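Commentary on secondary and tertiary structure
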Amino acid sequence: MKEPDDQDTDGGKSERSKSDGRQSHSSRSASKSAMKEDYKSVEDTTGKTFTEGEESYLGNDESYVEHLEGSSSLFQDDYVESIGKSQYMETPVADAEEAEEDVKKKIPESFFYDYMELASMPFVTPDSNIPLDLLTLVHSFGYDCRKRANLQLLDSNMVLYIAGNQLILLNLKTKEQTYLRSSSGRGIGVIGVHPQKTYFTVAEKGVFPKIIIYEYPSLRPYRILQDGTDLAYAYVDFNGDGTLLASVGGNPDHTLTIWNWKEEQPLLRTKAFSQEVFKVSFNPEDDEQLTTSGSGHIKFWEMALTFTGLKLQGSLGRFGKTATNDIEGYMELPDGKVLSGSEWGNMLLWEGGHIKVELSRASGKPCHQGPINQIMLDEGEVITIGSDGCVRIWDFETIDTADTIDETGLLEIEPINELQVDKNVRLFSMIKMNEIGNNFWLSQDSNGAIWKLDLSFSNITQDPECLFSFHSGAIEALAVSPLTYLMATTGLDCSVRLYDFASKTPLVQMKFKQGGTALAWVPRLVSNGGAQITAGFEDGVVRILELYDPKGLTVFVGRKRVSDADIRLKQVFKPHTSPVTALAYDRDGEVLATGSKDQTVFFFEVERDYKPIGYITTPGPVCQLTWSTASHPESTLLIICENGYVLEAPFPTIKEEEEDHDVVSYEIKDMCIKRFHFSSIKSKILRLIEIAKRKKQKELKEKEKEERRKSLEAEMGEDGERELQGEEEEEEEPLPEIFIPLTPCHILCGFYSGPGKFWVSLGGYDSGFLYHCEFPPYDKSSDITEKKDEPFDFRLLEDTEDNPITTITFSINQEIMFCGMQNGAIRVYILNKNDPSLTNMEDYWHFSMHDNNYGCIKAISTSFDDRFLVTAGADSNIFVFNIFSEFELKEVMKAKVPSPRFGIETEPIPEDIEDPKAYSIENARRKREHDKLMKEGEEIKAEKRERIKALRNQLQKLLQMNEELPKHMQFKQTDFDLDSKIRAEIDRKTANKIQQVEKELAWEKEKHQLGLMKLQNRFRDSLESDTIVVHAIQSDHKISSYRLVKPSKYSKSKRPSQSERRASKFERFEKEGTGRKDSQRDTGGSISVPEESIIEKGKKFRPKTLSEIMVENQIEKTRKLILKAERAQLKIQQRKKEWEEMYKSKPDDDYEDPKDVQAIKEAQLYMGDFNLKTAPDYKIPEHMRINAAKKEEELGYLDSMAYSKKMHMNKCIVSLRDLKVAVIEEIQCLVQELKNIQSTLHVSKHIPIPQIPQIHPEEVPEKRFQYDEESLLAFKQQQMKNQAEMAPQVEKAASAGSAGSFLRLSSGKDGDLTTRDSLSRSSKASVFNLDIPKFMEFERTDPTEVELEIMKRDEIKHLYMQQYLINRIKELIVTFDAELRLLRHQKLKLDTQMKLSDLHHVTLFQEMLLLKNFEKQENILQERVNSLDKEEQDMQWKINETLKEMEEKKNEVAKVQDQETALYAGFQAALGENNKFANFLMKVLKKRIKRVKKKEVEGVADEDKESDESSEEESSLESDEDESGSEDEVFDDSICPTNCDKGLFELALQLREKRLDIEEVLVEEKKMIDNLRKEYDTLSKKVKIVATNLNMAEEALEAYQREKQQRLNELLVVIPLKLHQIEYVVSGEIPRDLSGTLVFSNHSLGRLQERIVQLHEENSQQQKLNKEYRERRKQLIREKREMAKTIQKMEETVNQLMVSKFGHVINLEALQTLSVNTTLEELKIKKLRKELSNTKEMKMWEEKIAQVQWELMMKTKEHTKKLHQMNDLCIEKKKLDSQLNILQNQQGNAFQGPRKADTVAREKVTELIQVQAQRILALKEEVVLLRKKGGLVLPPIHSPQENE
């Protein structure tokens, strides 16, 4: 083992470091109490982290020490320990924090922390003599292969990985390990390496864990990052340049933090996600972008600058239609897209937070079978690794440009290369090794290995190499040799491994089908050499393995290298049906006990080859078996069950050799087993602790109270005593209740303390104590499930409330107890001698080694001599420790592997039990008994069947006798039925059985159907046409068709270029569009015509107003004027453009066509130089350059041509086959006619009938797949007969059956093979046959002469027909055979062509493969050439633009100079002649003065006028001095001289200002021209450089093309030649060596010969053209001169006409383009339209008002009429009432009683009144309603009575 401080070679220094470590430990132990006192302050900052029980222990340590005699402290926690360490050990950090109170100082680059102060140290109880280095880590054999990113590379030889609480640096060459301990002691979460490999980071676990960054290779702590997460880190990653570090935490916070790690400062922090986050990484191209992925999500982050500062903004990836899944591996692309994996193995391309496309392989196969765990980009290729053990390489450009092509969102791509590492490999991560010239990678296999992979994919690629192999997953069991330093381990990864832990060497491993669960090394009493190991497995099998040194075996010649150790299977048996959990040999080695989860314990007799003794059942799953030691009087077995039961079984009785076949079971039922059912007492213990604590507190309070009373009496006297009496006593809180958990806690481990006594450790609620128990006396009648037993003693274990002991072992002298804890820590107790009761458990040593979360220690054991301690955990780690000894081991130790037994190599290896469903020993015995019973039952059934058979035979005899009787005496069939219901029931059962059989065979039927379908898809559907062999009829000639498969991928479709594909799509769209438009024109247009005609008619019938006519006229007038002006302007512009183009296209006098120049140059250069392709200086023309795509198209064209020719030939052969079928049918008809004719002729005149040809099965291969029931039955019978024969005979039977079926079906069903001619002939034959029977119906009499004559004529006719039919048959046969031979000749020629095409196909394919190898580099070179060419074109364009600008500026300068000249000329004209002030005024005009620029004038406008005048005077003086030749010529230009014209003087000043403006413009223009010239020079230099680079790139490309051509020339091309085609003859003979010959095709040779003639003709033609062009040039020069004179005359005429008409020359273009003021005209039109609309609107409102008034008048009239009606009705009612009253008064006296007529009249009147009253009410309501609407309000109607 190496620590960072052990790297110095000075021995004294290492000793000094050890002593320093011990001193620091002693000081730390001494400060333990101070740490406990400081715990309150720690708890204030971190919150309550302990349970109630622990808090109760904190209060009073001393009282509990007195109560429990064993413990020196009641509380100690790793968290407090880590906090204490950070407070008392990290002095540099504390000093640094004190130093940066106000201003944060920058940490120096050379600052380092002290590793010894950071690293976690073992805890030792204070004031104990236990050394700090009681256990020293020697070696680690494990590897946590399922931990993410647990394989990092520091350099080419140094690997870094986590092992529990250790960080291991493994040298790949020397296999030496260096260890770094965690600082928290709670494990390491994740590690990462700096991009420059100079630092590595260790992110830990624990409460507020740290990130420690170490410097490499010094391994000194460089920086510490704190407060990044709550409990553990999940992943860390550096950015591209290593300046930033990103970390993400685990549960529960998942905090994402960005660190400036060199300053130990967090820059940004946020919550990454609510679920587990697997990974975080920076974008390699942009440090401001990050990506995180994890459980069911992927998130994209960006550092955004907001108004509150820099923040992390995350965008969650939306899966959309894709199922949400866990994303393990991903990669950021350079353009911001992200490529991720998925759980089902496809790749997802993310863009903008959404899935752009999902990538899979062809035919829907996933990219990997299972999740993709890592994706990387290396050298322009994408590498993916998956759980299927494959590494696949993909093309980056294909992935980067991928896009969806349909609604599925899937895109199919294929990998470039792939590597299958091995079987049962699950690749988890991969990292590249820095080896120059190699492409080696290290890979983490989650099935327990580290692989070295070569991804160069070349001819010398190495096979995958497994560098290290480990256990995968939890290690279930461990056993140590009792004789030497050997160790065996097993786990659920189905392997048993052996190690030499003294020499730190893994020896050998053995794989099985099931995982291992238990191990035991066979004691020396059984195997003297310690060479046997017993292993239990999860399928209940127990195997005896034998270890031996293969070097001791006989050496054979040619044997491979011999390993140091080997294992062989010695014996195997299966006692259990569930996993074997415990194995134990008794102290004498006579009995092996095996325990299992199937709640049984099996005993075996070891001496008799593990013969089964029997088994006992247990009340729960067995977790541990322990035999009593030699100190016990009897050998007993301690059986510990998980569910709280402990049993003690006596030594089983071994029976003598006897037959046990009659025994049904191995179960031992008469064994006296003691039972203990554990009952929880933890709550009672806690209650006792609380009582003792309160008692101690009460005593202290009483003592304090007494002291206080005494002090108060001394001070205050009696008043003090009264004050004390007034104080009330506090009420005590209730004691904790007694609690017993409902489900018993699991017993984790236990051991004997004496006869009938044992210690146990429990988990769950009962953890924290060791319980001492005793078995109650044996009671057979008691029920163990109801019985509860309590332990009689216990021992408190500090800090095990949530961390119980899982396994215990002792040293040889029983003075040291080694405990393995649930959190992966090791605890060592120092015991008294001969103290099985553990009376003294005060001193202990505690250190965390395995992972604290999932690294529970499964097994712990010491070596045979107590020098080493070995631990195995659930985190796959195996640690070997050196136990402290006063005598240090300096010699190199190595374990001795047992020598092989004599004859071990000749012993047969027993047959292993590989089937997990195999019978166990007990089940096999029960199966044997069951089979015996079944056999007896079958014998009884056979006897019954024989009796039934005899009765059936008797019944058959009776039925036969019945049939022999006369019919009237026979019994009917129903008479034999005893009961008709029985037969009906039998029929029903038979039908049910048939239905049941159909159901049972439905799956089989479906299976065979699917199998047939798959076979058809695989072998038949891919065939385009099967082989058809057509035989000739008379000869042996035959012709066969081609067996064609569907076209290959090359011939399916030509791969179009992008432009072609776009053009075809556009054309298709155009066609669809035009068709759609035509259809719309045909349908919609015709429908819309009537509507338009109706609208137009309506418009025609409606007269237009005057205002509308005015508006339209105005618009039309304006439109015409504008259109006319626009046309004139357009015409002028077009004419100008044509003139400009014409002038631009005008060549210079010395212009030469570049194409002609280039052609002449090439002709001069290559005249007479015809290089071959094999020449070293051969230059490949541009049009002849070939690439893989073109070659692929060529290959596809060849395939399609061959396919079409073969297809055509197949069609011809099929038509020939159809012709043969038609011929045979016609021959059949002719033969039938011939037979009918011969029936009328004499036998002597018969001609032999030719044999009818037959159709061969080969001619109709499709009939093989046609069958009927008869053919199937025949096939089945033949198959049953020939079961022993192989497939060929079966195929013959099937072909015979198919042929027979064809012959049966051809007559009726094969109508498709017949032709119309054959049908017509057969119909004619049938008609001919009908006449003959009619003739034969007459009776035979003596014929008359006429009849004889008729008979002779018929005979002659029949003879002729016979001969004709025979000749016709021969003609058909001969014609068919001739057709076949002709087609056969054509096919032979085609076969020759096809063979040549196959040879050409091979050549093309080889060329395509070669071109694909060159394609990548060629594309790179071509891209460089294209980019340089484009760059040159861009620069040339810029140069041309610069030249244009320079030309424009020169023209502007010329114009400005012309203006200056015109200015002087105008002034000279204004002066006139003989002006005496002309010189003065000209000097004034030409005087140079300094003028302030406009911007400067604006800037200094606020200055004093005096300064302005002085500056002007100075500037004028300076200008005068410059202008004049001497000082005498100075003059004043500010005052006009006397007698000088002031107007001219003012004009001179004004023109001077204009002159100065012109000069300024001229200066500016010249400056711009200079700048443009400089820019032009710079661009010219750049163009030269780019041109040079372009030439170099083109030369490189040309060289590469030449190399490619040379490689293509190396390919062999097969060309068959006949002798007459070889014209290379030496001395009249063909030479043997034809290597110097050239092969031309006839076409090429003819073309070359024709080219000679063409060149001669072309030469003479060019001479003629040259002469014609010279003459033409002279003529054009003459025409040009004449045209110039004509133009000059026309210009003079035009100018004279303009002067005569306009008075001066005007601009005709301006005159033509003169147009109207469009804005004014538009406003006028707008005004007219507004007036028209306002008039219309006013008219509309007037019409509406008139309509409403009319409606109001009509409503008023209606209401008045109704009121009059109501008034009349009221008057009428009043009159009727008065008349009624009068009648009643008059008639009342006359009649005493009422009459019938009166009653009827009264009723009528009453009804009338009611009706009128209703009408009145309705009218009133209507009146009220009309009043509300605004109608006329009438006065209320008064009744006549009211008026009176």
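**Observations regarding the environment of Lys1755**
With respect to the element layout, Lys1755 can be found in helix α29 (residues 1718-1790). In this structure the C-alpha to C-alpha distance between Lys1755 and Leu1826, which are 71 residues apart in sequence, comes to 8.7 Å.

**Comments concerning the packing of helix α23 (residues 1478-1486) against helix α26 (residues 1542-1610)**
One can describe the packing of α23 onto α26 by two numbers: an axis separation of 8 Å at closest approach and a directional angle of 30°. Judged on the interaxial angle alone, α26 and α23 are roughly parallel. With respect to the hand of their crossing, α23 and α26 are arranged in right-handed fashion. For the pair α23 and α26, the contacting residues are Phe1480, Leu1481, Val1484, Leu1485 and Lys1486 in the first and Leu1544, Phe1545, Ala1548, Leu1549, Leu1551, Arg1552 and Arg1555 in the second. Of the residues assigned to the contact of α23 with α26, the class counts are 9 nonpolar, no polar and 3 charged.

**Considerations on the environment of Arg269**
Within the secondary structure, Arg269 is located in strand β14 (residues 265-271). Classification of Arg269 by relative accessible area gives partly exposed; the value is 45%. Spatially, the C-alpha atoms of Arg269 and Thr257 are 4.4 Å apart, while their sequence positions differ by 12 residues. Looking at Arg269, its side chain comes within polar contact range of the main-chain oxygen of Asp227, at 2.8 Å.

**Looking at a negative patch on the surface**
A cluster of acidic residues, Asp1148, Asp1149, Asp1150, Glu1152, Asp1153 and Asp1156, forms a negative patch on the protein surface. Since its relative accessible area comes to 64%, Asp1150 is described here as exposed.

**Here we look at the pattern of salt bridges**
Any two side chains of opposite charge can pair if their charged atoms end up close together. One pass over the full model with this rule turns up 49 salt bridges. The salt bridge involving Arg1185 is made with Glu1598; its shortest N-O contact spans 2.4 Å. In this pair, Arg1185 is assigned in the loop between α17 (1154-1166) and α18 (1188-1238) and Glu1598 in helix α26, connecting sequence segments 413 residues apart. Given the relative accessible area of 15%, Arg1185 is considered buried. Judged by relative accessible area, which is 7%, Glu1598 ranks as buried. Across the pair Glu1559 and Arg1555 runs a salt bridge, and its minimum N-O distance is 2.6 Å. One end of the pair is Glu1559 and the other is Arg1555, both in helix α26 and 4 residues apart, which spans about a single turn. Through salt bridges with shared partners, a single network forms among Arg148, Glu276 and Glu328.

**Some words on the sheet that holds strand β32 (residues 475-480)**
Here we have 4 strands laid out as an open sheet, ordered β32-β33-β34-β35, and antiparallel in their pairing. Looking at the sheet topology across the chains shown, the edges are occupied by β32 and β35 (505-511). For this sheet, the mean inter-axis angle between neighbouring strands, taken without regard to orientation, is 20°. Here 6 bridges tie strand β33 (residues 486-491) to strand β34 (residues 495-500), and the two strands are oriented antiparallel to one another. Following the sheet pairing, Thr490 is matched in β34 by Val496.

**Notes on helix α10 (residues 682-716)**
Its 35 residues give α10 an end-to-end C-alpha distance of 50 Å, which sits within 8% of 51 Å, the value for a rise of 1.5 Å per residue. All of the buried residues along α10 are Lys682, Ser683, Ile685, Ile689, Glu690, Lys693, Arg694, Lys696 and Leu712.

**A word on the nonpolar core**
Grouped together as the largest cluster of nonpolar side chains are 39 residues, with contacts concentrated most on Met487, Leu498, Phe501, Trp521 and Leu547. The biggest single contributor to this core is β32, with 5 residues. Those residues in contact with Phe501, other than ones at most four positions away along the chain, are Phe141, Val480, Tyr485, Leu486, Met487, Ser863, Phe868, Val870 and Val880. The next biggest cluster of nonpolar side chains, apart from the first, holds 38 residues, and it includes Tyr143, Met433, Ile826 and Phe881.

**Let's talk about a nonpolar patch on the surface**
A cluster of nonpolar side chains, contributed by Leu1619, Tyr1624, Val1625, Val1626, Ile1630 and Leu1634, occupies part of the molecular surface with about 530 Å² of accessible area. Of note, Val1625 is situated in the loop between α26 and α27 (1642-1702).

**Brief notes about a positive patch on the surface**
There is a patch of like positive charges on the surface, built from Arg1670, Arg1673, Lys1674 and Arg1678. Looking at the element boundaries, Arg1678 is found in helix α27.

**Points about the side chain of Lys1206**
Relative to the assigned elements, Lys1206 resides in helix α18. Salt bridges are absent for the buried Lys1206, whose nearest opposite-charge side chain, Asp1398, sits at 5.0 Å. If we ignore the near neighbours within four places in the chain, the residues touching Lys1206 are Tyr1042, Leu1044 and Met1394.

**Topic: the packing of aromatic side chains**
Evaluation of the coordinates by the stated rule reveals 40 aromatic pairs. Judged by centre distance (5.0 Å) and plane angle (20°), the ring pair of Phe602 and Phe604 falls under stacked. A relative accessible area of 0% places Phe604 in the buried class. Chaining the aromatic ring pairs together yields one cluster made of Phe573, Phe602, Phe604, Tyr610, Tyr615 and Tyr666. Across the ring face of Phe112, the terminal group of Arg220 is positioned such that the distance to the ring centre comes to 3.7 Å.

**Section: the confidence of the model for the chain**
With 81% of its residues at a pLDDT of 70 or more, the chain shows a mean pLDDT of 81. Predicted confidence for residues 5-103 stays below pLDDT 50, and this span has 126 contacts to residues more than four positions away or in other chains. Per-residue pLDDT stays below 50 along residues 1287-1338; that stretch engages in 40 contacts with residues further than four places along the chain or on separate chains.

**Remarks on unusual backbone geometry**
In this model, Tyr216 is joined to Pro217 through a cis peptide bond whose omega is 15°. You can see Pro217 is positioned in the loop between β9 (211-215) and β10 (220-225). Residue Pro252 is bonded to the preceding Asn251 through a cis peptide linkage, with omega at 5°. When you line up the elements, Pro252 lands in the loop between β12 (245-249) and β13 (255-260). Located in the positive-phi region is Asp127, a residue other than glycine, with phi close to 60°. You can see Asp127 is positioned in the loop between β1 (123-124) and β2 (135-140). The exposed category is assigned to Asp127, whose relative accessible area is 82%.

**Topic: the pairing of β12**
By the criterion of burial, β12 is predominantly enclosed, with 5 of the 5 residues buried. Where strand β11 (residues 233-238) lies against β12, 5 bridges are found, and the strand directions are antiparallel. Counted as the bridge partner of Tyr233 is Gly249 from β12. Between β11 and β12, which pair antiparallel one after the other, the connecting turn spans 6 residues, and Gly242 there sits at a positive phi close to 80°. In this sheet, β13 lies alongside β12 in antiparallel orientation, the contact comprising 4 bridges. Paired with Ser247 across the two strands is Thr257, which belongs to β13. The turn linking β12 back onto β13 is made up of 5 residues, and His254 within it adopts a positive phi angle of 55°.

Thresholds, definitions, all that
Residues numbered from 1 in each chain as written. Predicted model: local features only at pLDDT ≥ 70, side-chain atom pairs only at ≥ 80, totals over all residues. Heavy atoms only, no water. Helix = DSSP H or I, 4+ residues; strand = E, 2+ residues; numbered from the N terminus. Axes fitted to C-alpha atoms, helices over the stretch in contact; angles between N-to-C directions. Parallel < 35°, antiparallel > 145°, perpendicular 65-115°, else oblique. Left-handed = near helix turned anticlockwise from the far one by under 90°. Contact = heavy atoms within 4.5 Å. Nonpolar A, V, L, I, M, F, W, Y, C, P; charged D, E, K, R; others polar. Buried < 20%, exposed > 50% of the residue type's maximum accessible area, 1.4 Å probe, protein only. Polar contact = N/O pair within 3.5 Å; in protein donor to acceptor, adjacent residues only side chain to side chain. Patch = residues over 30% accessible without salt bridge, like charges linked within 9 Å, V, L, I, M, F, W, Y side chains within 5 Å. Areas by Shrake-Rupley, 256 points an atom, 1.4 Å probe, with all protein chains shown as cover. Salt bridge = Lys/Arg side-chain N within 4 Å of Asp/Glu carboxyl O. Lys, Arg positive; Asp, Glu negative; His and termini not counted. Charge placed at Lys NZ, Arg CZ, Asp CG, Glu CD. Pairing = 2+ DSSP bridges. Expected span 1.5 Å × (residues − 1). Core = buried A, V, L, I, M, F, W, Y, C linked by side-chain atoms within 4.5 Å. Phe/Tyr/Trp six-rings, centres within 6.5 Å; stacked < 30°, edge-to-face > 60°. Lys NZ or Arg CZ within 6 Å of the ring centre and 35° of its normal. pLDDT = per-residue confidence, 0-100.

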